[in-house]
Amino acid sequence: MIKYGLIADAGFLDWIEAHLDALLRLDGAALARAIRRSCEIKAAIVAEDEREHGRRALLNLGHTFGHAIETATGYDEWLHGEAWGAGLLMAADLSWRLGWLAEADLARIRHLLERAGLPVATPPIGAGRALQLMGMDKKVLAGRIRLVLMRRVGEGVVVGDYPAAALEATLSAHFGATA
């Protein structure tokens, strides 16, 4: 749910924040609305890109970073959703470092993930190891790691052209400078 608000509908993210307690209580009406809106957004993106040539990759917000966590921890310490949540925060961090996302939005995303009970601290695997693991992701194209980032809340973008130093700074901030 959170990712759909971040990549395609800022108003939905506002709604999630306002109704997160109800969602966590598994309130039927809140869940129905959140699931319906999430499905609407996902269906619209898939309909635009049925064969996954571009826009559909937006659905992978946080996954490339998260896969590094899962691989480094042997797929048995972190649930996929936990790794995705930490990965989403790293995508937001890199978006902020690129000047696309306001610092207040980065803090907002961190707070929402924490409220949802998702981990935001990553295992200290080191930036170099994380980069190596991310390089094995299916979204690597011509040796360049393509990432799903945010130009702003509600507008996701798939990028392969970004300053390597910005990615390294994000990885070091979250995974540590060395393994």
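Scroll up to find the structure.
These remarks concern the structure in this document.

Rules used throughout
Residues numbered from 1 in each chain as written. Predicted model: local features only at pLDDT ≥ 70, side-chain atom pairs only at ≥ 80, totals over all residues. Heavy atoms only, no water. Core = buried A, V, L, I, M, F, W, Y, C linked by side-chain atoms within 4.5 Å. Buried < 20%, exposed > 50% of the residue type's maximum accessible area, 1.4 Å probe, protein only. Helix = DSSP H or I, 4+ residues; strand = E, 2+ residues; numbered from the N terminus. Pairing = 2+ DSSP bridges. 1 Å grid on protein atoms, 1.4 Å probe; cavity = no way out; pocket = protein on both sides within 12 Å on 5 of 7 lines; lining within 4 Å. Points joined across faces, edges and corners; volume = space filled by probe spheres on them. Nonpolar A, V, L, I, M, F, W, Y, C, P; charged D, E, K, R; others polar. Salt bridge = Lys/Arg side-chain N within 4 Å of Asp/Glu carboxyl O. Phe/Tyr/Trp six-rings, centres within 6.5 Å; stacked < 30°, edge-to-face > 60°. Lys NZ or Arg CZ within 6 Å of the ring centre and 35° of its normal. Axes fitted to C-alpha atoms, helices over the stretch in contact; angles between N-to-C directions. Parallel < 35°, antiparallel > 145°, perpendicular 65-115°, else oblique. Contact = heavy atoms within 4.5 Å. Polar contact = N/O pair within 3.5 Å; in protein donor to acceptor, adjacent residues only side chain to side chain.

**A few points about the nonpolar core**
Okay, step 1: Among the nonpolar cores identified, the biggest contains 57 residues, and Ile 2, Leu 6, Phe 65 and Leu 147 are the most heavily contacted of them.
Okay, step 2: Ranked by residues supplied to this core, first place goes to helix H5 (residues 80-97) with 9 residues.

**Focus: the pairing of strand E3 (residues 147-152)**
Okay, step 1: The pairing of E3 with strand E4 (residues 155-159) spans 5 bridges and is antiparallel. Across the sheet, residue Val 148 finds its bridge partner in E4, namely Val 158.
Okay, step 2: In this antiparallel pair of consecutive strands, E3 and E4, the connection spans 2 residues, and Gly 154 shows a positive phi of 95°.

**Quick word on the layout of surface pockets**
Okay, step 1: Each pocket or cavity is described by its volume, and for the largest pocket that value is around 200 Å³.
Okay, step 2: Around the largest pocket sit Met 1, Ile 2, Ile 16, Leu 20, Leu 23, Leu 24, Leu 31, Trp 84, Ala 116 and Leu 118, which together line it.
Okay, step 3: Per element, the largest residue contribution to the lining of the largest pocket is 4 residues, and it comes from helix H2 (residues 10-24).
Okay, step 4: Class assignment for the residues of the lining of the largest pocket results in 10 nonpolar, no polar and no charged.

**Some words on the pattern of salt bridges**
Okay, step 1: In total, this model carries 8 salt bridges according to the counting rule given.
Okay, step 2: The salt bridge partner of Asp 9 is Arg 37, with a shortest N-O separation of 2.8 Å. Of this pair, Asp 9 sits in the loop between helix H1 (2-7) and H2 while Arg 37 sits in helix H3 (residues 28-48); the two residues are 28 residues apart in sequence, bridging distant segments of the chain.
Okay, step 3: Its salt-bridge partner being Arg 152, residue Glu 155 comes within 2.8 Å of it at the nearest N-O pair.
Okay, step 4: Among the charged side chains, a network of salt bridges with common partners joins Asp 9, Arg 37 and Glu 40.

**Topic: the packing of aromatic side chains**
Okay, step 1: If you walk through the whole model with that rule in mind, you get 1 aromatic pair.
Okay, step 2: Judged by centre distance (6.1 Å) and plane angle (15°), the ring pair of Phe 12 and Trp 15 falls under stacked. Taken together, the residues span about one helical turn, with Phe 12 and Trp 15 both in helix H2 at a distance of 3 residues. We note that Phe 12, like Trp 15, is buried.
Okay, step 3: Between the NZ or CZ atom of Arg 144 and the centre of the ring of Tyr 162, over which it lies, the distance is 4.3 Å.

**Structural notes on the packing of helix H4 (residues 63-72) against helix H7 (residues 127-134)**
Okay, step 1: At a closest axis distance of 8 Å, the pairing of H4 and H7 adopts a crossing angle of 105°. Between H4 and H7, the interaxial angle falls into the category roughly perpendicular. Here Thr 64, Phe 65, Ala 68, Thr 71 and Ala 72 of H4 come into contact with H7, specifically with Ala 130, Leu 133 and Met 134.
Okay, step 2: Among the residues making up the contact of H4 with H7, the classes are represented as 6 nonpolar, 2 polar and no charged.

**Topic: the side chain of Asp 93**
Okay, step 1: Turning to its location among the elements, Asp 93 is positioned in helix H5.
Okay, step 2: Assessed through its relative accessible area of 7%, Asp 93 is described here as buried.
Okay, step 3: Polar side-chain contacts of Asp 93 include one of 2.6 Å to the side chain of Thr 170.
Okay, step 4: At 3.4 Å, the side chain of Asp 93 forms a polar contact with the side chain of His 174.
Okay, step 5: Among all residues touching Asp 93, those that are not within four sequence positions of it are Leu 106, Thr 170 and His 174.

**Focus: the environment of Leu 112**
Okay, step 1: Within the fold, Leu 112 resides in helix H6 (residues 103-115).
Okay, step 2: For the pair Leu 112 and Leu 20, spaced 92 residues apart in the sequence, the C-alpha separation amounts to 8.5 Å.
Okay, step 3: With residues near it in sequence (within four places) discarded, Leu 112 still touches Ile 2, Leu 13, Ile 16, Glu 17 and Leu 20.

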